[in-house]
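Secondary and tertiary structure notes
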Amino acid sequence: MTLGSMPQEKKKFGNVMIIGLGMIGGSFAKALKDRGLATLYGADRREGELALGVSTGVIDYPAQLTEEYIAKMDVIVLATPVRAMESVLQEIKPFLSVDTLVTDVGSTKGSVVESARRAFGGLPSNFIPSHPIAGAEKSGVLAANPLLFEKHMAIVTPLPDSNPVLLDRLHRIWRAIGADVVSMDVEHHDHVLASSSHLPHLLAYTLVDALANSDLSQDVFKFAAGGFRDFTRIASSDPVMWRDVFLANKDATLATLDHFTDRLADMRAAIEQGDGASMFGVFTRAKSARDHFLRLLEQRTMGSTKEVRPTSVSVLPASVIKGDISLVGDKSLSHKAITIAALSDGVSDLQNIDLSVDVRITMQAFRDMGVVIEEVALDRLRVHGVGLRGLKAPIAPINIHESRESLYLLLPVLAGQSFVTTVVGEGELLKQPMSDLLSVIREMGGKIASDVEDCLPIVLTPEQATDVSISLTSGSERLKMSAFLAALYSPTIGHVRPLITELSHCEVLLRQFGAVISECDGGFQIAPSSLSGVDIVLSGDVHEAMWWALLASLLPGSELNVKNVGLDSVSFDYLSFLQSIGLDVSVPPESVLGTGLREGEMHVVFSELQSFTLSAAQSYRFREMLPLLCVVAAYANGVTHINGVNALPYYHEDRVLALVDALEKVKVRCTYENGELIIYGSVPQGGELDCAGDDRLALAMLALGARSKSTTVVNDCQKLLEEFNELESIAGQLGFHCSVVQ
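Throughout this description, residue numbers start from 1 for each chain and increase along the sequence as written. Thresholds applied to this predicted model are a pLDDT of at least 70 for local features of residues and 80 or more for the giving and counting of side-chain atom pairs; totals over whole chains, interfaces and linings are not thresholded and use all residues. Side-chain measures here rest on the full set of heavy atoms in the structure, leaving out hydrogens and waters.

Strands here are runs of E lasting at least two residues and helices are runs of H or I lasting at least four, both read from the DSSP assignment and numbered beginning at the N terminus. The secondary structure content of the protein chain amounts to 26 helices and 32 strands. A principal-axis box enclosing the C-alpha atoms of the protein chain has dimensions of 100 × 60 × 55 Å. We call a residue buried when its accessible area falls under 20% of the maximum for its residue type, exposed when it is over 50%, and partly exposed in between, using a 1.4 Å probe and counting protein chains only. The proportion of buried residues among the 742 residues of the protein chain is 50%. For the protein chain, the exposed surface amounts to about 32700 Å²; the carbon and sulfur share of it is 53%. A positive count includes Lys and Arg, and a negative count includes Asp and Glu. His and the chain ends are not counted in either. Where a charge lies is defined by one atom per residue type: Lys uses NZ, Arg uses CZ, Asp uses CG and Glu uses CD. The centroid of the 62 positive side-chain charges in the protein chain is displaced by 5 Å from the centroid of its 90 negative side-chain charges. Surface accessibility in these figures is a Shrake-Rupley result with a 1.4 Å probe; residues are shielded only by whichever protein chains are displayed.

Okay, the confidence of the model for the protein chain next. Note: pLDDT gives the predictor's confidence per residue, expressed from 0 to 100. Residues with a pLDDT of 70 or more make up 96% of the protein chain, whose mean pLDDT is 90. Should any heavy atoms of two residues lie within 4.5 Å, those residues are considered in contact. Note on residues 303-308: pLDDT under 50 across the span, and three contacts to partners over four residues away in sequence or across chains.

The next thing to look at is the side chain of Asp568. By the element assignment, Asp568 lies in the loop between strand 23 (559-567) and helix 20 (569-580). Any Lys or Arg side-chain nitrogen found within 4 Å of a carboxyl oxygen on Asp or Glu counts as a salt bridge. Buried charged residue Asp568 carries no salt bridge. Nearest counter-charge: Arg621, at 7.4 Å. A polar atom in the side chain of Asp568 sits 3.3 Å from the backbone nitrogen of Val570. Whenever a nitrogen or oxygen atom comes within 3.5 Å of another N or O atom, the pair is scored as a polar contact, on the condition that within protein one atom can donate a hydrogen and the other can accept it, and that pairs from neighbouring residues in sequence are kept only if both atoms are in side chains. Within the local environment of Asp568, its side chain forms a polar contact with the side chain of Ser571, the two groups lying 2.9 Å apart. Residue contacts for Asp568: discarding those within four places in its chain leaves Leu503, Ser504, His505 and Leu597.

Once that is clear, we can look at the pairing of strand 19 (residues 494-497). A one-sided burial pattern is seen for strand 19, the buried positions being Gly494 and Val496 and the unburied ones His495 and Arg497. Two strands make a pair as long as DSSP finds a minimum of two bridges between them. In this sheet, strand 19 lies alongside strand 18 (residues 469-471) in parallel orientation, the contact comprising three bridges. Pairing of Ile470 across the sheet is with Val496, part of strand 19. Place the viewer so that the strands point away; then a crossover is right-handed whenever the path from the first strand over the helix to the second strand goes clockwise. As for the winding sense of the linkage, the β-α-β connection from strand 18 through helix 17 (residues 477-488) to strand 19 is right-handed.

Here we take up the packing of aromatic side chains. For Phe, Tyr and Trp, where Trp contributes only its six-membered ring, two rings pair if their centres lie within 6.5 Å, and the inter-plane angle classes them as stacked under 30 degrees, edge-to-face over 60, or tilted in between. Within this structure, the stated rule accounts for 14 aromatic pairs. Where Phe149 meets Trp174, the ring centres are 5.4 Å apart and the plane angle is 75 degrees; that geometry is what we call edge-to-face. Note that Phe149 is positioned in the loop between strand 6 (130-132) and strand 7 (153-156) and Trp174 in helix 6 (residues 164-176), a separation of 25 residues in sequence. Arranged with centres 5.8 Å apart and planes meeting at 75 degrees, the rings of Tyr574 and Phe622 form a pair that is edge-to-face. Highlighted residues: Tyr574 in helix 20 and Phe622 in the loop between helix 21 (616-621) and helix 22 (626-635), separated in sequence by 48 residues. Just as Tyr574 is buried, Phe622 falls in that class too. Ring-pair connections join several aromatic residues into one group, and the members of that group are Trp547, Trp548, Phe724 and Phe736. One cation-aromatic arrangement involves Arg598 over Phe572; the distance from NZ or CZ to the ring centre is 4.2 Å. Comment: the charge-over-ring label is applied if NZ (Lys) or CZ (Arg) is within 6 Å of the ring centre and within 35 degrees of the ring normal.

Quick look at unusual backbone geometry now. In this model, Leu456 is joined to Pro457 through a cis peptide bond whose omega is -5 degrees. Looking at the element boundaries, Pro457 is found in the loop between strand 16 (447-450) and strand 17 (458-461). The residue Asn564 is not glycine, and still its phi comes out positive at about 65 degrees. Within the secondary structure layout, Asn564 lies in strand 23.

So, about the nonpolar core. Note on terminology: a nonpolar core comprises buried Ala, Val, Leu, Ile, Met, Phe, Trp, Tyr and Cys residues joined through side-chain atoms within 4.5 Å. Formed by 79 residues in total, the largest nonpolar core has its most connected members in Met546, Trp547, Trp548, Met602 and Phe736. Per-element tally for this core: the top contributor is helix 19 (residues 542-554), with ten residues. Residues within four places of Met602 in sequence aside, it is in contact with Ala545, Met546, Ala549, Leu560, Asn561, Val562, Val565, Leu575, Val585 and Ser586. Residues Ile340, Leu350, Ala365 and Leu488 belong to the second largest nonpolar core, which totals 70 residues.

Attention shifts here to the side chain of Lys336. Structurally, the position occupied by Lys336 is in helix 13 (residues 331-342). Exposure remark for Lys336: the relative accessible area of 2% places this residue in the buried category. Once residues lying within four places of it in the same chain are set aside, the contact partners of Lys336 are Glu405, Leu409, Met481, Cys506 and Leu509.

Before going further, it helps to examine the sheet that holds strand 17. In space, the four strands of this open sheet follow the order 14-15-17-16, with mixed pairing throughout. The sheet is open, and its two edges are formed by strand 14 (398-399) and strand 16, each paired on a single side. Looking at chain direction, strand 15 (residues 421-424) and strand 17 are connected through three bridges and run antiparallel. Residue pairing across strands places Thr421 opposite Leu460, the latter belonging to strand 17.

What follows covers the sheet that holds strand 18. Strand order in the open sheet formed by four strands is 18-19-21-20, with mixed pairing between adjacent strands. Whereas interior strands pair on both sides, the edge strands pair on one side only; in this sheet they are strand 18 and strand 20 (517-520). Put simply, the sheet's adjacent strands are angled 20 degrees from each other on average, direction ignored. For strand 20 and strand 21 (residues 523-526), the ladder comprises four bridges, and the chain directions are antiparallel. Bridge pairing in strand 21 links Glu519 to Phe524. Note on geometry: axes are lines fitted to C-alpha atoms, helical ones only across the stretch in contact, with angles between N-to-C directions running from 0 to 180 degrees.

Structure below.
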């Protein structure tokens, strides 16, 4: 049957001819055919494959490379081995229309472009190479899979004179069959594929061949397990095709092979010399890189959305808290300790560390930059520091997800390195300008580029280091730590002038690792020096300690010992203030290590609390604890006045105002006007509250329900349970009646 005698129904992409009905060509044809996007013609020197293509519905009609067919095609796809493409192009050249898109699916592009140049005497504008990053070890038209390209990359490699209309059509064809399309120049494509595809196939073929020809071949294959099967699976691919690939992409493959051979020689030397640290470093970095690849693959195949199940926590009245608890390491301290340990010379042993999701973001970032971090136990890390300037450029952008703590620690560190880094984030962090943090980076001499001013994502380019002298205009502990880290990279003595000069965990932790920090002129000066690895045990989460102390003070009959408490100036003054209004608490003594912190055990019993007045300065100083202080005011005897709420950073003000709404819902009388919050002490009635995903608010609302007249339910507690995943079990041990409800 001739082309002219066949019924023609013009479809979206018209007449499409696949030359070479192997697995890739057949899958491309069937993907278009099943979606009704084109009328499919197939040409193949193997008559059997062509007949199977028609009988199995992969193509509509068989075809030949004659004028009758070629002249009437809208799209021609070369799916032959790459070494055969030149002869195919010469054969169809006399019959081609300039409006016919000609593309290919070969895994090398430089050789295909040269074949086209020789066949046509130049590069015609309608010839545009492409390459789908998809396949299987099976071959032939019977392996055709119409879903093969779904959620896989298709690389289009336009040439300087490519017809823009046909280029657009090529993009649309690949997208129409489910592929994610990207553009890339020919040379870059061949080097990328030599590393990501060609070298793995070469290694798999060579390994299987070497083992098959060894004296132990029978036992090797007999006892080989899943790892051997998975690694060598691709050695079942079509040998003819891969022979042609390596001949066609010789230069890029050799360059990649030489790089791998050098690294393999390094690994051999490490094994020979018993250099476990070097081996562990390679294995850790490799695992980090592969995990990154799997995350990208999962995003492509599954999408990035994940189901979030609403979670609530209910609190029954009439609890009594009795017993001892030992606090898990403070999350913020855990972030900081990992960061400083990574920048130190030598090995650090970090004990009682919080390894929740947020902290793992910081840990992963340093692993991506070459730091070996061993997880010795559930709450213990061994960090092999690389020094202040010893980080390596990551293979991909640093993703801090929604971790503000990670961002504030990583940016000054990245600004002190020698490589350019892209930093990306997710969720709310993408919408919020961070001028305060980025001003610290600019003070270091770093150059920042972003699409939206001072918002993520950003490209950070370190430039000539400048002397660091930073005066902070906010009391943010995160920003203070960023400034200290920036000062470590100052060519001469760095200066940091906080808004309030007082003892905090920032300088204490840095001093433990050997940083030379001294007080001067209402601030601190940091002398240029290296850091040294140390063994430390982190103290517990201060906010969690204050929450448990509040619960014990509110619930009659309670007696609680809280171990592993570490109080800085602010938290000690906060407890001292509560003591002044009736809190019965014994605080830890000053540390015997001379850090200035108060570390040890805190003892709390039930006590009647009295109303109080907070000045604006006190409100700012205790801003992290203000939601808890509002709960204290709700249960206190008398009327409490909290001033300066409107002068707080917006997120602290929002927390207080959200708690005001909660107080009104549980029938605690309060008023708010001109920045002054007045709370009239009484017994809350209970009810249903919403913390809007804020873990600090959730804890305050749970405390508000601790002695209410009826059950209190706090909604949207997913973040709380991520941060405090042992809440329900610890509460049960101590006698606090709360339960998680999905």
